[in-house]
Amino acid sequence: LGHGLGVGIYALITALGLSVLITQTPLLFDLIRYGGAAFLAWLGIKALLAKPASGDAADETVHAVRGRQGAFEGFMVAFLNPQLAIFFIALFSQFVHADTGWREGSIMMLTAGGIDALWYVLVALVLSRGPVLAWLKAKSFVIDKISGLVLLGLALKVVI
């Protein structure tokens with residue numbers, strides 16, 4: 001849901017023409033880009049330092065905290081990705097015009113953010129049930145290490 005919100009905000013920014021400011025102002029673009037790289041590096045280090053999952057049933061309060069944290073992290077991954085502005089400029093260029101207002105912008109925001117959020121909710125629901133969840137828990141230590149390395153690699157690629 002957090003990622004969908006971040007995507008939706010970029011869609012609204014694009015529709016209202018603010019993405020041009022981001023893409024035409026190198027300092028602002030670089031601040032967002034380097035902030036995104038730092039966030040990816042932080043997520044990668046966090047994944048590399050993660051302890052193996054226990055076989056116990058998850059405590060509901062811990063699950064709720066992780067859910068809020070996941071929403072925040074999903075939002076930050078989307079919001080700190082200035083390439084979304086470029087993507088939406090390309091996607092919406094045929095629909096956005098000089099007098100695009102809040103109504104049209106809101107429709108674009110809800111469409112892009114809603115589709116993105118729906119996709120990730122469906123993926124989360126499929127991967128959090130039955131045998132898939134058991135397999136993911138059993139392999140979580142390896143998945144965390146691989147994910148951490150990939151995230152650190154992506155952060156490095158963004159900086160370079």
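See the structure above.
Residues numbered from 1 in each chain as written. Predicted model: local features only at pLDDT ≥ 70, side-chain atom pairs only at ≥ 80, totals over all residues. Heavy atoms only, no water.

Engineer: Any chance you could explain the overall build of the protein chain here in plain terms?
Structural biologist: The secondary structure content of the protein chain amounts to eight helices and zero strands. What you see in the protein chain, going N to C, is helices and strands ordered as α-α-α-α-α-α-α-α. The dimensions of the protein chain, computed from C-alpha atoms along their principal axes, are 55 × 35 × 25 Å. Here the protein chain, with 160 residues, has 28% of them falling under the buried criterion. Within the protein chain, contacts between residues separated by at least 24 positions form 87% of all contacts whose residues are at least 6 apart in sequence. Of the accessible surface of the protein chain, which amounts to about 10,400 Å², a share of 74% is contributed by carbon and sulfur atoms. Here the protein chain holds 11 positive side-chain charges and 9 negative ones, and the gap between their average locations is 8 Å. (Helix = DSSP H or I, 4+ residues; strand = E, 2+ residues; numbered from the N terminus. Buried < 20%, exposed > 50% of the residue type's maximum accessible area, 1.4 Å probe, protein only. Contact = heavy atoms within 4.5 Å. Areas by Shrake-Rupley, 256 points an atom, 1.4 Å probe, with all protein chains shown as cover. Lys, Arg positive; Asp, Glu negative; His and termini not counted. Charge placed at Lys NZ, Arg CZ, Asp CG, Glu CD.)

Engineer: Honestly, the packing of helix H1 (residues 2-15) against helix H6 (residues 102-127) in this entry has me stumped. Any pointers?
Structural biologist: Packed helices, taken two at a time, are described by their axes: the angle between them and the distance between them. Two elements in contact, H1 and H6, have axes separated by 7 Å at closest approach and are oriented at 155 degrees. As judged from the angle between their axes, H1 and H6 are roughly antiparallel. H1 and H6 meet at a crossing whose hand is right-handed. Residue-level inspection shows His3, Gly4, Val7, Gly8, Ile9, Ala11, Leu12 and Ala15 of H1 in contact with H6, the latter providing Trp102, Gly105, Ser106, Met108, Met109, Ala112, Gly113, Asp116, Ala117 and Tyr120. In the contact of H1 with H6, the residues fall into eleven nonpolar, six polar and one charged. (Axes fitted to C-alpha atoms, helices over the stretch in contact; angles between N-to-C directions. Parallel < 35°, antiparallel > 145°, perpendicular 65-115°, else oblique. Left-handed = near helix turned anticlockwise from the far one by under 90°. Nonpolar A, V, L, I, M, F, W, Y, C, P; charged D, E, K, R; others polar.)

Engineer: Just to check I follow, could you spell out a nonpolar patch on the surface for this structure?
Structural biologist: Nonpolar side chains collect at one region of the surface, where Leu1, Leu118, Val121, Leu122 and Leu125 lie side by side and expose about 480 Å² of accessible area between them. Note that leucine 118 resides in helix H6. (Patch = residues over 30% accessible without salt bridge, like charges linked within 9 Å, V, L, I, M, F, W, Y side chains within 5 Å. Salt bridge = Lys/Arg side-chain N within 4 Å of Asp/Glu carboxyl O.)

Engineer: Sorry, what's going on with the pattern of salt bridges here?
Structural biologist: When charged atoms on two side chains of opposite charge get close, those side chains can pair. Enumeration over the complete set of coordinates arrives at two salt bridges. Note that aspartate 30 and arginine 33 form a salt bridge whose closest N and O atoms lie 3.1 Å from each other. Here arginine 33 and aspartate 30 lie together in helix H3 (residues 26-48), a separation of three residues that amounts to about one turn. By relative accessible area, which is 26% here, aspartate 30 ends up partly exposed. For glutamate 73, the salt bridge goes to lysine 46, with nearest N and O atoms at 2.4 Å. Taken as a pair, glutamate 73 in helix H4 (residues 60-79) and lysine 46 in helix H3 lie far apart in primary sequence, 27 residues in all.

Engineer: Hey, could you run me through the nonpolar core in this one?
Structural biologist: Nonpolar side chains tend to gather and get buried jointly when the protein is soluble and globular. By size, the foremost hydrophobic cluster in this structure holds 15 residues, and its most contacted members are Val7, Tyr10, Ile22, Leu84 and Phe88. For this core, the secondary structure elements donating two or more residues are H1, H3, helix H5 (83-92) and H6. It is H1 that provides the largest number of residues to this core, a total of five residues. Residues in contact with phenylalanine 88, not counting those within four places in the same chain, are Val7, Tyr10, Ala11, Thr14, Ser93 and Ala112. In terms of nonpolar packing, the next biggest core, distinct from the first, is built from five residues, Leu43, Phe75, Met76 and Leu80 among them. (Core = buried A, V, L, I, M, F, W, Y, C linked by side-chain atoms within 4.5 Å.)

Engineer: Explain the environment of isoleucine 160 here, please?
Structural biologist: Of note, isoleucine 160 is situated in the segment after helix H8 (140-159). Judged by relative accessible area, which is 77%, isoleucine 160 ranks as exposed. Separated by 27 residues in sequence, isoleucine 160 and leucine 133 place their C-alpha atoms 36 Å apart.

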